[in-house]
There are 2 protein chains.
Amino acid sequence: MANFGIILQYDGSRYNGWQRQGNTPDTIQEKLESILERLYGEPIDLNGSGRTDAGVHALHQVANYRIPRILSRYSCQEIQDYFNAYLPADIRVLSVQKVEERFHARLNATGKLYEYRIDCGEIARVFDRKYLYRVNEPLNLPRMQEAAEYLTGTHDFRSFCSNRQMKKSTVRTIYSIDFDLSDGILSIRYHGDGFLQHMVRILTGTLIEIGSGDMLPSQIPLILEGRDRSLAGFTAPPQALFLVDVYYDTDH
Amino acid sequence: MANFGIILQYDGSRYNGWQRQGNTPDTIQEKLESILERLYGEPIDLNGSGRTDAGVHALHQVANYRIPRILSRYSCQEIQDYFNAYLPADIRVLSVQKVEERFHARLNATGKLYEYRIDCGEIARVFDRKYLYRVNEPLNLPRMQEAAEYLTGTHDFRSFCSNRQMKKSTVRTIYSIDFDLSDGILSIRYHGDGFLQHMVRILTGTLIEIGSGDMLPSQIPLILEGRDRSLAGFTAPPQALFLVDVYYDTDH
């Protein structure tokens with residue numbers, strides 16, 4: 001089999017997330033797969049590194065697909081150009097590369113970096129408003145950083161997962177949570193080995209509630225121990241969340 | 001009379017330009033004036049530094065309004081907060097200041113800076129695509145710069161004006177045309193004493209035709225001399241044009 005690795009970028013605003021799902025239209029995976037089917041003349045499965053929710057964006061998403069070598073008649077540049085000719089302007093393929101046959105974008109991913117962008121400037125931003133979450137009350141950044149320290153490390157994040165019937169392990173490791181405040185935009189970057197459904201958005205909602213004084217940093221250990229979604233903060237809206245990078249142990 | 005100077009920013013995407021016009025709805029001037037009327041309880045005329053076309057944006061637009069001192073019961077901060085509370089998210093008032101009684105945003109303006117943003121990178125941009133004009137063919141920047149030198153200075157720009165019945169002078173001075181290419185985005189900045197209807201967009205369309213090889217820099221003097229709109233290039237679309245600054249000789 002020939003195996004192709006794809007790096008892509010998308011504005012998730014008008015999509016029902018990454019993942020193709022039964023009769024839900026407008027997923028990003030489906031857009032890409034329909035172009036691959038047109039190119040090769042048969043249905044092809046594309047593996048994404050992970051789902052992104054409806055409305056969530058990706059600066060750098062990774063995917064791969066395998067095809068029998070006999071069907072592999074296009075160069076990487078031809079495949080990329082074909083994608084970009086037929087994709088809508090809110091999805092772009094940044095690169096296509098041949099990768100090792102065993103590479104799988106989801107199974108081999110060892111870490112991800114997400115960024116959540118909060119507009120907390122004195123005057124709300126005009127031009128990137130659709131990619132920001134506006135918070136009007138002042139946010140206490142040192143308290144948010146204190147809370148982030150409790151969240152960093154290996155924990156059971158069941159309280160930060162929207163799927164109440166989650167049967168698999170809800171233990172994840174957050175390597176770091178970094179804050180950058182510049183020009184009125186507070187960016188929170190979450191680097192972890194993987195994230196549960198809505199986890200980054202619930203972490204962000206909780207950090208915002210701590211920043212605005214509705215919750216205390218010292219509540220974090222109790223929220224983690226409680227393993228109950230209702231203990232954590234609100235789910236911050238999707239339009240300000242970006243998948244920024246996906247990490248693999250080996251180059252591919 | 002009390003005179004207030006306003007600095008504002010707007011995303012022009014969904015507006016029919018700055019200027020209130022008979023029964024054309026959705027102008028930026030009208031949005032602002034309706035809020036002033038609500039604040040003061042009577043109709044108030046707002047003078048903009050100049051019109052921007054439908055779909056054109058402003059990073060820094062200047063306007064002023066005068067009211068009898070007896071009606072002037074709000075502080076600058078109160079006026080700004082009132083605007084930002086009632087304006088849609090695509091218009092923001094950046095500042096309100098008391099200015100000299102004789103200050104007039106349009107009549108006293110001595111110069112303007114416009115920027116046109118062209119996406120000519122290898123892969124079209126995803127997130128700011130609505131504020132860019134995408135050009136697929138390669139652009140020859142030195143030729144565009146050579147053409148810009150012919151355009152700089154005091155000329156009759158009738159060939160670069162969309163209003164064929166223009167009765168007033170079409171002589172304007174362009175102080176500078178600067179090019180900045182970074183990260184696949186070519187920004188062209190036009191600094192002049194004033195611009196005719198669609199002038200910046202026709203200048204840009206002409207420079208793009210020169211960059212792509214459809215016209216030659218040496219045609220510029222002939223286009224200027226011909227005083228005929230049909231000699232110049234196409235009118236570049238509005239969504240990539242920004243009013244960046246307005247200049248006044250005196251501080252106000």
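Section: the overall build of chain A
(1) Moving on: Looking only at helices and strands, chain A features 5 helices and 10 strands.
(2) Moving on: In terms of overall dimensions, chain A is globule-like: its C-alpha atoms have a radius of gyration of 19 Å, near the 18 Å expected for 252 residues.
(3) Moving on: The principal-axis extent of the C-alpha atoms belonging to chain A is close to 60 × 40 × 35 Å.
(4) Moving on: By sequence separation, contacts in chain A at least 24 residues apart represent 72% of the contacts at least 6 residues apart.

What about the pairing of strand β5 (residues 109-119) of chain B?
Residue and element names in this part refer to chain B.
(1) Moving on: Most of β5 is tucked away, with 8 of its 11 residues classed as buried.
(2) Moving on: Where β5 meets strand β10 (residues 241-248), 7 bridges bridge the pair, whose relative direction is antiparallel. Directly across from Tyr114, in β10, lies its bridge partner Leu243.
(3) Moving on: Note that β5 and strand β9 (residues 185-192) share 8 bridges and pair antiparallel. In the sheet register, Ile118 faces β9, and the bridge partner there is Leu186.
(4) Moving on: Relative to strand β6 (residues 133-134), β5 is paired through 2 bridges, and the arrangement is parallel. Across the sheet, residue Asp119 finds its bridge partner in β6, namely Arg134.

Digging into helix α1 (residues 28-40) of chain B
All names here are of chain B.
(1) Moving on: Counted at 1.5 Å a residue, the expected span for α1 with its 13 residues is 18 Å, and the 19 Å between its end C-alpha atoms agrees.
(2) Moving on: Considered for burial, the residues of α1 that qualify are Ile28, Gln29, Leu32, Glu33, Ile35, Leu36, Leu39 and Tyr40. Mapping the buried residues of α1 onto a view down its axis gives an arc of 160 degrees, with all of them on the same face.
(3) Moving on: Buried positions along α1 lie against β1 (2-10), β3 (57-67), α2 (76-86) and β4 (91-99).
(4) Moving on: Gly41 lies just past α1 and shows a positive phi near 80 degrees.

Considerations on the packing of aromatic side chains
Remark: the centre distance and the inter-plane angle together describe each pair of aromatic rings, the angle taken between the planes.
(1) Moving on: All chains considered together, the criterion is met by 24 aromatic pairs over all chains.
(2) Moving on: Members of the aromatic cluster, connected to one another through ring pairs, are Phe4(A), Tyr40(A), Tyr65(A) and Tyr74(A).
(3) Moving on: Stacked on the ring of Tyr86(A), the Lys or Arg Arg38(A) has its end atom at 4.3 Å from the ring centre.
(4) Moving on: Arg117(B) extends its terminal NZ or CZ atom over the ring of Phe242(B), reaching a point 4.0 Å from the ring centre.

Here's the deal with helix α3 (residues 141-151) of chain A
Residues and elements named next belong to chain A.
(1) Moving on: Every buried residue of α3 is listed here: Met144, Ala147, Ala148 and Leu151. Projection of α3 onto a plane perpendicular to its axis shows the buried side chains occupying an angular sector of 105 degrees, all on one side. Along α3, exposed side chains directed more than 90 degrees from the buried face belong to Pro142 and Glu149.
(2) Moving on: Buried residues along α3 sit against β7 (153-156), β8 (171-182), β9 (185-192), α4 (199-211) and α5 (220-226).
(3) Moving on: A distance of 3.1 Å separates the backbone nitrogen of Arg143 from a side-chain oxygen at the start of α3, and that oxygen is part of Asn140.
(4) Moving on: Backbone geometry just after α3 places Gly153 at a positive phi near 110 degrees.

Observations concerning the side chain of Asn3(A)
(1) Moving on: Looking at the element boundaries, Asn3(A) is found in strand β1 (residues 2-10).
(2) Moving on: Here the side chain of Asn3(A) touches Glu101(A) through a polar contact of 3.2 Å, landing on its backbone oxygen.

Topic: the relation of the copies chain A and chain B
(1) Moving on: With an RMSD of 0.0 Å, the fit of chain A onto chain B corresponds to turning through 180 degrees and sliding 0.0 Å along the axis. Taken together, the turn and the small shift mark the pair as related by a two-fold rotation axis. Taking C-alpha positions as the reference, the residue of chain A nearest the rotation axis is Asp128(A), at 4.1 Å.
(2) Moving on: Mapped onto chain B, 100% of the interface residues of chain A again fall at the interface, so both copies present the same surface.

Thoughts on the interface of chain A and chain B
In many analyses, interface size is given as the accessible surface area lost on bringing the parts together.
(1) Moving on: Across the contact, 21 residues belong to chain A and 21 residues belong to chain B.
(2) Moving on: Summed over both sides, the interface between chain A and chain B buries roughly 1600 Å², with carbon and sulfur atoms accounting for 66% of that surface.
(3) Moving on: Inspection of the region where chain A meets chain B yields 2 salt bridges.
(4) Moving on: Salt-bridge contacts for Asp11(B) lead to Arg129(A); the nearest nitrogen and oxygen are separated by 3.1 Å.
(5) Moving on: The tally of links from chain A across to chain B stands at 4 residue pairs in polar contact (both at pLDDT 80 or more).
(6) Moving on: If you list the elements that add at least two residues to the side of chain A that touches chain B, you get β1, β3 (57-67), α2 (76-86) and β4 (91-98) of chain A.
(7) Moving on: Of the residues in the side of chain A that touches chain B, the class split is 12 nonpolar, 4 polar and 5 charged.

Criteria and cut-off values
- Residues numbered from 1 in each chain as written.
- Chains lettered and ligands numbered in written order.
- Predicted model: local features only at pLDDT ≥ 70, side-chain atom pairs only at ≥ 80, totals over all residues.
- Heavy atoms only, no water.
- Helix = DSSP H or I, 4+ residues; strand = E, 2+ residues; numbered from the N terminus.
- Rg over C-alpha atoms; globule rule 2.2 N^0.38 Å.
- Contact = heavy atoms within 4.5 Å.
- Buried < 20%, exposed > 50% of the residue type's maximum accessible area, 1.4 Å probe, protein only.
- Pairing = 2+ DSSP bridges.
- Expected span 1.5 Å × (residues − 1).
- Arc of directions from axis to C-beta.
- Phe/Tyr/Trp six-rings, centres within 6.5 Å; stacked < 30°, edge-to-face > 60°.
- Lys NZ or Arg CZ within 6 Å of the ring centre and 35° of its normal.
- Polar contact = N/O pair within 3.5 Å; in protein donor to acceptor, adjacent residues only side chain to side chain.
- Least-squares fit on C-alpha atoms with pLDDT ≥ 70 in both.
- Buried area = accessible area lost by both parts, 1.4 Å probe.
- Salt bridge = Lys/Arg side-chain N within 4 Å of Asp/Glu carboxyl O.
- Nonpolar A, V, L, I, M, F, W, Y, C, P; charged D, E, K, R; others polar.

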